[in-house]
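Commentary on secondary and tertiary structure
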Amino acid sequence: MKWLESCKARCKAVVTRRLAVALIAVLAVGSVATFNFTKTAKAAVAAPAAAALDDNSVAALLTLDRAMETLAARVTPAVVNVTVASKSNEQQSGAEGMPDMQQFFGPDGPFGRQFGRQFNVPSQPQNRMEHGLGSGVIISPDGYIVTNNHVIDGAVDIRVTMSNREVMPAKLVGADPLTDLAVIKVNGTNLPSVPWGNSAELHPGQTVLAFGNPYGYRFTVTRGIISALNRPNPDPSDRRKPGEFIQTDAAINPGNSGGALVDARGELIGINTFLISSSGSFSGMGFAIPSQIVQPTVEALIRDGKVTHGFIGIQISDVTPDNAKFFQMNQAVGAIVSEVGPDTPAAKAGLRTGDVITELDGKPVTDAGQLQMTVGQKRPGDTIHLLVVRDSKPTNIAVTLAALGKGKGTETAAGDHGKARWGLSLADLTPDVRNELQPRKSVQGAIVEDVQPGSPADNAGLQRGDVIMEVNRRAVKSSAEVAEALSSVPSGQDALVLVWSNGGSTFRVLHPAQG
C-alpha cells in the first residue's frame, strides 16, 4: 500500500509539473500576442491616412463639376412639377382606361412603359377622380409652361409646384395631340425661365442634362450625352405623328414627361417625352421632342390656342443605299413618294408615286422624317416649292397646303408564285380579301399569303397580308403579274417592290439569296 501511495504521489507531481509548464507556455504566447497586437495597434494609429489628390491633379474634373453645378442651379428653378386631376370614364377599366400613350408604351406594349402621367386606373368600372403627375418647364417670365399633351389630357384641375415648393393653379392654354405638346400658364412675373436652343445644331456625343420629377421625386437632374438624332416616330398606330426625336442616355423615368432637356449652355433643346424599356424604367434609351418642333408649336398654341398643321397628302420613305439605284439617285438623300392620296394637294399639284423630293423651298431634304417635320410646321394655305427627281430628271412642283383634318392621310415616314427564288407565296386581291383587309381603293396588286423564314422577302420585312403594288417601278394588278415581274429580274440582281402594309405604302428592296 505504501508503494501504491508513493507511485500516486510521483505521478501527481509529474502531472502538476507538466500542467505548470503548459500554463507558462500559454501565458508566454499570450504575452507575445498581446505585445504584437499592441505594437500593431500603435503602429496603425501612428500611420498617417492617405492624402487626398491635390486640386492640380484633378483640375479638369473639378472644373467640370463646377460647370455642372452652375448649369443645374441655373435651370432647376425653371422646372416645375405638374399634377393633374381628371374624371375617369366609368365605361373604362384596366388597360382600356389608360391614355393612348400609356397603352402604346405600357409594360405589355412594344416599347415598354410610357413615363409621363401615371394614373391609378381602377380594376373595376367606376366613376372616380384620377390623379397623375408629370413635369414642365417655364419658357417665359410671365408664366407660360411647356409640357406634354399626354400629361394634361383630360385634366379638370392642373397644379404646378415651383422649385421653392410654392403650389400654383394653372390653366390650359392649348394642346396639340399630334406632336404631344401642350402649354399651360400660371399667374406670375419675373419667373425663372429657360431660353430656347437650336436642336438643328446638335451632334451625337454632346453633353445634355435632363430635368424632371421621376416617380414623384421632385426636381431631379441627370446627366448624359446625345446618343442619336432624328429618330423616327415609333408609334405604328399613328403614322401622322412626326419623328426626329433626340435620343439620350441621360436617365429618364416615369414622371419626367414634359421636363427639360438642355445643352451645356442651359438652352432648351428638347422636351422629354418617352423611353423605350421592357421593364418600364430607364434602360439607357430616353427620347425628347426637338426644339425645332417644340418652339413653333408652342408659339402657335400661345397665339391661337391650337395648331393647324399643313398637309400635302402623300406617304414618303427614305432614299437608302439599297433603293437609290432604282430611282437613279447618286446619293442616298431625299424622300421617296410611295403614295399620293386622291383629291389631295399633292395630287392636284401633279406629284406621283416614285418621285424623289430633294429640296423644299430651296433647302435640301435629307430624309422622309425631316420633310414630314418641315411640312407639319407650315400653315394651311402656304405654298411650298419642291424640287423633285422624276425618271432621273429634276422637276419643280409648287404645292399649296391644305389643313390636316381628322380622318385624312398625311405625310408618313414609313399561289407559290416566286417562292423558290424570293421566298413568298402570292394570291389575287379578290373582293373578299379586299373586304377583310380594307385597303384604300387605289391599292391594287397581289396579296402576300406566306413568307418563307430567312428568304429575301422575309429579310425585306414582307409579311402575310401585305399587298405588292409595284415591281421595279411598274404597276402590277394580279399575282400572275407580280410573279412574272419578279421572275424577269436577272439572276443576282435586286428587286424593288412597292408594298401596302398596315395602312401605309413603302418601297422595299429584295436582295437575291446567296449561293
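Look up: the structure comes first, before these words.
Let us look at the structure shown here. Treat the numbers as computed from the prediction; the structure is a model and nothing was measured.

Let's shift gears to the overall build of the chain. Helix and strand counts for the chain stand at 11 helices and 26 strands. In the chain, buried positions account for 45% of the 515 residues. Of the roughly 26,100 Å² of accessible surface on the chain, a fraction of 53% belongs to carbon and sulfur atoms.

Each α-helix turn comprises 3.6 residues. Residues three or four places apart therefore point the same way. Across its 17 residues, helix α2 (residues 59-75) extends 25 Å between first and last C-alpha, which sits within 8% of the 24 Å expected from 1.5 Å per residue. For α2, the complete set of buried residues consists of M68, L71, A72 and V75. Looking straight down α2, one finds its buried side chains confined to an arc of 95 degrees; they lie on one side. Seen from the buried face of α2, the exposed residues on the opposite side, beyond 90 degrees, are E69, T70 and A73. If you follow the buried residues of α2, they end up packed against β1 (79-87), β7 (207-212), β8 (220-231) and β10 (260-262).

This brings us to the packing of aromatic side chains. Overall, the coordinates contain 3 aromatic pairs when judged by the stated rule. When the centroid spacing of 5.1 Å and the interplanar angle of 90 degrees are considered together, the rings of F245 and F274 count as edge-to-face. Remark: F274 occurs in strand β11 (residues 268-275) and F245 occurs in strand β9 (residues 245-248); sequence separation between them is 29 residues. Aromatic pair F327 and F507: ring centres 5.1 Å apart, planes at 85 degrees, arrangement edge-to-face. Taken together through their ring pairs, the aromatic side chains of F245, F274 and F287 make up a single cluster.

This next bit is on the pairing of strand β19 (residues 393-400). Inspection of the sheet shows strand β18 (residues 383-390) paired to β19 by 8 bridges, in the antiparallel sense. Across the sheet, R390 pairs through a bridge with K393, a residue of β19. Counted along the chain from β18 to the antiparallel partner β19, the turn is 2 residues long, and its residue D391 has a positive phi close to 55 degrees.

With 6 of 6 residues buried, strand β15 (residues 335-340) lies mostly within the body of the structure. Where strand β14 (residues 314-318) meets β15, 5 bridges bridge the pair, whose relative direction is antiparallel. Paired with Q315 across the strands is E339, a residue of β15. One ladder, built from 2 bridges, connects β15 with strand β16 (residues 356-360); its direction is antiparallel.

As a further point, take the nonpolar core. Among the nonpolar cores identified, the biggest contains 44 residues, and V82, V146, I152, V160 and I184 are the most heavily contacted of them. For V160, the residues in contact, after removing those within four places along its chain, are V80, N81, V82, I145, E166, V167, M168, A170, I184 and V186. Counting 20 residues, the second largest nonpolar core, distinct from the first, contains I312, V340, V388 and L401.

With that out of the way, let us pick up helix α7 (residues 368-376). Burial runs high along α7: 8 of the 9 residues are buried. Every buried residue of α7 is accounted for by A368, G369, Q370, L371, Q372, M373, V375 and G376. Between a side-chain oxygen at the N-terminus of α7 and the backbone nitrogen of G369 the separation is 3.2 Å; the capping residue is D367.

Thresholds, definitions, all that
- Numbering of residues begins from 1 in every chain and follows the order in which that chain's sequence is written.
- Per-residue local features are limited, in this predicted model, to residues with pLDDT of at least 70; the limit for side-chain atom pairs, both in listing and counting, is 80 or more; totals at the level of whole chains, interfaces and linings are taken over all residues.
- Hydrogens and water molecules were not included; the side-chain quantities draw on all heavy atoms of the structure.
- By definition, any uninterrupted DSSP run of H or I lasting at least four residues is a helix, any uninterrupted run of E lasting at least two residues is a strand, and each is numbered from the N terminus.
- Burial classes follow relative accessibility: with a 1.4 Å probe on protein chains only, a residue under 20% of its type's maximum area counts as buried, one over 50% as exposed, and anything between as partly exposed.
- To measure how exposed things are, a 1.4 Å probe is used in the Shrake-Rupley method; for residues, cover is taken only from the protein chains shown.
- In this analysis, the expected span of each helix is defined as 1.5 Å times one less than the number of residues it contains.
- In this context, the arc is that of the directions from the helix axis out to the C-beta atoms.
- Note on contacts: a residue pair is in contact if any heavy atoms of the two residues lie within 4.5 Å.
- Aromatic pairs are defined between Phe, Tyr and Trp rings, using the six-membered ring for Trp, whenever the two ring centres lie within 6.5 Å; interplanar angles under 30 degrees are classed as stacked, those over 60 as edge-to-face, and all others as tilted.
- In short, DSSP must find at least two bridges between two strands for them to pair.
- For the purposes of this section, nonpolar cores are sets of buried Ala, Val, Leu, Ile, Met, Phe, Trp, Tyr and Cys residues that join through side-chain atoms within 4.5 Å.
- Think of a polar contact as two N or O atoms within 3.5 Å of one another; within protein, one of them needs to be a possible hydrogen donor and the other a possible acceptor, and neighboring residues in sequence only count if both atoms come from side chains.

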